[in-house]
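Survey of secondary and tertiary structure
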Amino acid sequence: MMNSVQGQNRLKTMRKEIFKISAYRALIISRIYLSLCLAVSFFLLSLAGSTEAAFYILLILNLLPVLLSYLIKNAAVATQKVFFIALTKEPPFLLNNLKKKYKYTKLHHFTNSVSFTAALLLLLLWQYNYHTKGGIQKSLLFLPTGILLSSMLLRILSIPYYYWKLHIDLSCNRI
């Protein structure tokens, strides 16, 4: 009886870890997709002589995780606050090889999530600016909304895909 309870708890823990890693992997893929879309749209809009909003959002998307990681690590050492220490401290993982393969850390997941959310909010502001002020071609009027929706859809669809893929890879010893 005791072994079955421990086995069930171990299985639940493994499923949670697989979900965390699949959510992190989906976040990284959608962040790369969003970066590519912003880079292409910046290039196209700069040729048209329009705004540099895509460039600024691209910078925030890619520099904010590095800055936040640095600040949180320093704050954890300097202030000894529980929130910062909890972000930098890594809990034990049963699937440590999976964690190493996908380079998952709690801090990277948090900082990339904050960066991705900030970029999505800035895309909303960019769309609002286009909608209220105008001055852009009609064909590009909903460019920020298209980028936002497609990157959110990619993230939402990637989570179950990677959850399924990691289960299969683990059961077939591919990791």
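Okay, so let's go over this structure. Since this is a predicted model, take the numbers as computed values, not measurements. (Residues numbered from 1 in each chain as written. Predicted model: local features only at pLDDT ≥ 70, side-chain atom pairs only at ≥ 80, totals over all residues. Heavy atoms only, no water.)

Brief notes about the packing of aromatic side chains
Enumeration according to the criterion identifies nine aromatic pairs in this entry. Feature note: the residues Tyr24, Phe93 and Tyr104 constitute an aromatic cluster, connected by ring pairs. (Phe/Tyr/Trp six-rings, centres within 6.5 Å; stacked < 30°, edge-to-face > 60°.)

Let's talk about the environment of tyrosine 104
Along the polypeptide, tyrosine 104 turns up in the loop between helix 4 (96–101) and helix 5 (106–133). Remark: the alpha-carbon pair of tyrosine 104 and phenylalanine 142, spanning 38 residues in sequence, is separated by 34 Å. Residue contacts for tyrosine 104: discarding those within four places in its chain leaves Lys20, Ile21, Tyr24, Phe93, Lys99 and His109. (Helix = DSSP H or I, 4+ residues; strand = E, 2+ residues; numbered from the N terminus. Contact = heavy atoms within 4.5 Å.)

A few points about a nonpolar patch on the surface
Together, Phe55, Tyr56, Leu59, Leu63 and Leu67 make up an exposed nonpolar region whose accessible area comes to about 470 Å². Here leucine 63 shows up in helix 2 (residues 53–79). On the basis of relative accessibility, which here comes to 46%, the residue leucine 63 falls in the partly exposed class. (Patch = residues over 30% accessible without salt bridge, like charges linked within 9 Å, V, L, I, M, F, W, Y side chains within 5 Å. Areas by Shrake-Rupley, 256 points an atom, 1.4 Å probe, with all protein chains shown as cover. Salt bridge = Lys/Arg side-chain N within 4 Å of Asp/Glu carboxyl O. Buried < 20%, exposed > 50% of the residue type's maximum accessible area, 1.4 Å probe, protein only.)

Quick notes on the packing of helix 2 against helix 5
Running from N to C, helix 2 and helix 5 cross one another at 155 degrees; their axes reach a closest spacing of 9 Å. In terms of their interaxial angle, helix 2 and helix 5 are classed as roughly antiparallel. Both helix 2 and helix 5 take part in a crossing whose hand is right-handed. Along the lines of polarity and charge, the residues of the contact of helix 2 with helix 5 split into 18 nonpolar, five polar and one charged. (Axes fitted to C-alpha atoms, helices over the stretch in contact; angles between N-to-C directions. Parallel < 35°, antiparallel > 145°, perpendicular 65-115°, else oblique. Left-handed = near helix turned anticlockwise from the far one by under 90°. Nonpolar A, V, L, I, M, F, W, Y, C, P; charged D, E, K, R; others polar.)

Topic: the pattern of salt bridges
Counted according to the given criterion, the structure contains two salt bridges. Of the charged contacts, one joins lysine 99 and glutamate 90 as a salt bridge, the two residues approaching to 3.2 Å between their closest N and O atoms. By relative accessible area, lysine 99 is classed as buried at 11%. Its relative accessible area of 27% is what places glutamate 90 among the partly exposed residues. Lysine 165 is the salt-bridge partner of aspartate 169, the closest N and O atoms lying 2.7 Å from each other. One end of the pair is aspartate 169 and the other is lysine 165, both in helix 6 (residues 143–171) and four residues apart, which spans about a single turn.

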